[in-house]
Amino acid sequence: MSRRTEKPFWDPDELRNELATRCLGRPLHLFNRISSTNEFAKRIARRGAPAGTLVLADAQTSGRGRHGRRWESPPDHGLWFSFIMRSQATAKQLGLLPLLIGGAIVEELEGLFDRAFHVKWPNDVLSGGKKICGILCEAQFTPPTIDYIVVGIGLNVNQRLDDFPAALRENAQSLSMVMEKSLDRKALLIRLLGSLDRAFFSTDRLPVHKLQLWKNACAELGKIITLRHGSEHMTGVFENVSEQGELVLRRGSVIHHLAAAEFSIEKKAVTSA
Ligand code: BT5
């Protein structure tokens, strides 16, 4: 629990009791405000915090995306949380992890809201082409052993369009904008954690079948895409995703396996193959 003296935004004991999880959220660290739940989770993971430890904040002052990009995490509106995994994945599976998490999130959201959600390689969940959720997986390992993995999830829940900075309004939205009503953040969190707990903490094996969910939800798979790596561009057919979570790109008869850390798909550069 937060050591701050102000009242926590949710009662941590109540939340603990309401969680329908075996491992995820046990223990639970709840903050009104924090720099980044991923940073805090990594710090306590280095000191031995167990798998399943959850760090949740109402607001982040330095929420992060990949490559140090900023993640907007205002109070009252979203679910910003991170959890620790340890033996649940191997170093080889790291690239796959954001896709499996994304597949699990899409499955849960589609079940809850009865509408289609999509994914964009490697770590975005979208609705109507706009980003509603980002996933940031970070790991510390001493090859071939994983010391810890921190999975960070940022889900926009109750923002209205003008709650987003102007620069994001074209590409970002919240679940409440999609559903045209305000949503119960806590109920949503409890459902989401329940399904992540069942999928990722009930055995020491990763639910690789969730990759199929991810593929089903990926609008770009099978299409011609353009990938960006710094100022370089690479166009080809998005053939598949490898068992390591690499994007398999076909250019003529040449097949490339591309890692998410280095490439991202250009927006508005997708056409039918
Ligand atoms: C991501 O990075 O999408 C991963 C975001 C992970 C955030 C969670 S919140 C809990 C945990 N603690 C953290 O500090 N982080 C994790 P990336 O693919 O690099 O996308 C970042 C880009 O998304 C930014 O450059 C913006 O363009 C856009 N963006 C920023 N905030 C957004 C928001 N709230 N909703 C939609 N898009 C956003």
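All values reported here derive from a predicted model rather than from experimental measurement.

Thresholds, definitions, all that
Residues numbered from 1 in each chain as written. Predicted model: local features only at pLDDT ≥ 70, side-chain atom pairs only at ≥ 80, totals over all residues. Heavy atoms only, no water. Helix = DSSP H or I, 4+ residues; strand = E, 2+ residues; numbered from the N terminus. Expected span 1.5 Å × (residues − 1). Polar contact = N/O pair within 3.5 Å; in protein donor to acceptor, adjacent residues only side chain to side chain. Pairing = 2+ DSSP bridges. Axes fitted to C-alpha atoms, helices over the stretch in contact; angles between N-to-C directions. Contact = heavy atoms within 4.5 Å. Buried < 20%, exposed > 50% of the residue type's maximum accessible area, 1.4 Å probe, protein only. Salt bridge = Lys/Arg side-chain N within 4 Å of Asp/Glu carboxyl O. Core = buried A, V, L, I, M, F, W, Y, C linked by side-chain atoms within 4.5 Å. Near = heavy atom within 4 Å. Areas by Shrake-Rupley, 256 points an atom, 1.4 Å probe, with all protein chains shown as cover. 1 Å grid on protein atoms, 1.4 Å probe; cavity = no way out; pocket = protein on both sides within 12 Å on 5 of 7 lines; lining within 4 Å. Sits in = over half its atoms within 2 Å of the grid points. Nonpolar A, V, L, I, M, F, W, Y, C, P; charged D, E, K, R; others polar.

1. With respect to helix α5 (residues 185-201)
- Look at α5: 23 Å from first C-alpha to last across 17 residues, which is about the 24 Å you get at 1.5 Å a residue.
- Its side-chain oxygen placed 3.1 Å from the backbone nitrogen of K186, D184 serves as the N-cap of α5.

2. Digging into the sheet that holds strand β3 (residues 78-85)
- Strand order across the open sheet formed by 7 strands is β1-β2-β3-β7-β6-β5-β4, with mixed pairing between neighbours. If you trace the sheet from one side to the other, it starts and ends with β1 (28-34) and β4 (118-120), each paired once. The mean angle between the axes of side-by-side strands here comes to 20°, regardless of whether they run parallel or antiparallel.
- Relative to strand β6 (residues 130-142), strand β5 (residues 124-127) is paired through 4 bridges, and the arrangement is antiparallel. For S127, the partnering residue across the bridge sits in β6 and is K130.
- With respect to the sheet, helix α3 (residues 97-113) is in contact with β3, β4, β5, β6 and β7 (145-156), its orientation differing from that of β6 by roughly 145°.

3. Examining the side chain of D58
- One can find D58 in strand β2 (residues 54-60).
- In this structure D58 comes out as buried when scored by relative accessible area, which is 7%.
- Among all residues touching D58, those that are not within four sequence positions of it are F9, F31, N32, S73, P74, P75, D76, W80 and R185.

4. Topic: the pattern of salt bridges
- Evaluation of the coordinates by the stated rule reveals 15 salt bridges.
- Residue R185 pairs with D58 through a salt bridge whose shortest N-O separation is 2.9 Å. Here R185, found in helix α5, pairs with D58, found in strand β2; they are 127 residues apart in sequence, far enough to count as distant.
- Note on R185: relative accessible area 11%, which makes it buried.

5. Considering the nonpolar core
- Counting residues in hydrophobic clusters, the biggest one holds 67 residues, and the most contacted among them are F81, F83, F200 and L227.
- Ignoring any residue separated from it by four or fewer positions in sequence, one finds F83 in contact with L24, T53, L54, I101, I149, V150, V151, I153, L196 and F201.
- Within the second largest apolar cluster, 12 residues are counted, among which are F31, I34, F40 and Y148.

6. Some thoughts on the site of the ligand
- Surrounding the ligand, one finds 27 residues, the nearest of these being S36, R64, R69, K131 and N156.
- Between the ligand and the protein, one listed contact pairs an oxygen atom with a backbone N or O atom of R66 at 2.8 Å.
- One of the side-chain nitrogen or oxygen atoms of N123 is found 3.3 Å away from an oxygen atom of the ligand.
- Contact with the protein chains removes 91% of the 790 Å² of surface that the ligand exposes when unbound.
- If you map the ligand onto the pockets, it falls in the largest pocket.
- Of all the secondary-structure elements, those providing two or more residues to the shell around the ligand are α2 (37-46), β3, β6 and β7.
- Here the shell around the ligand is built from residues that sort into 8 nonpolar, 12 polar and 7 charged.

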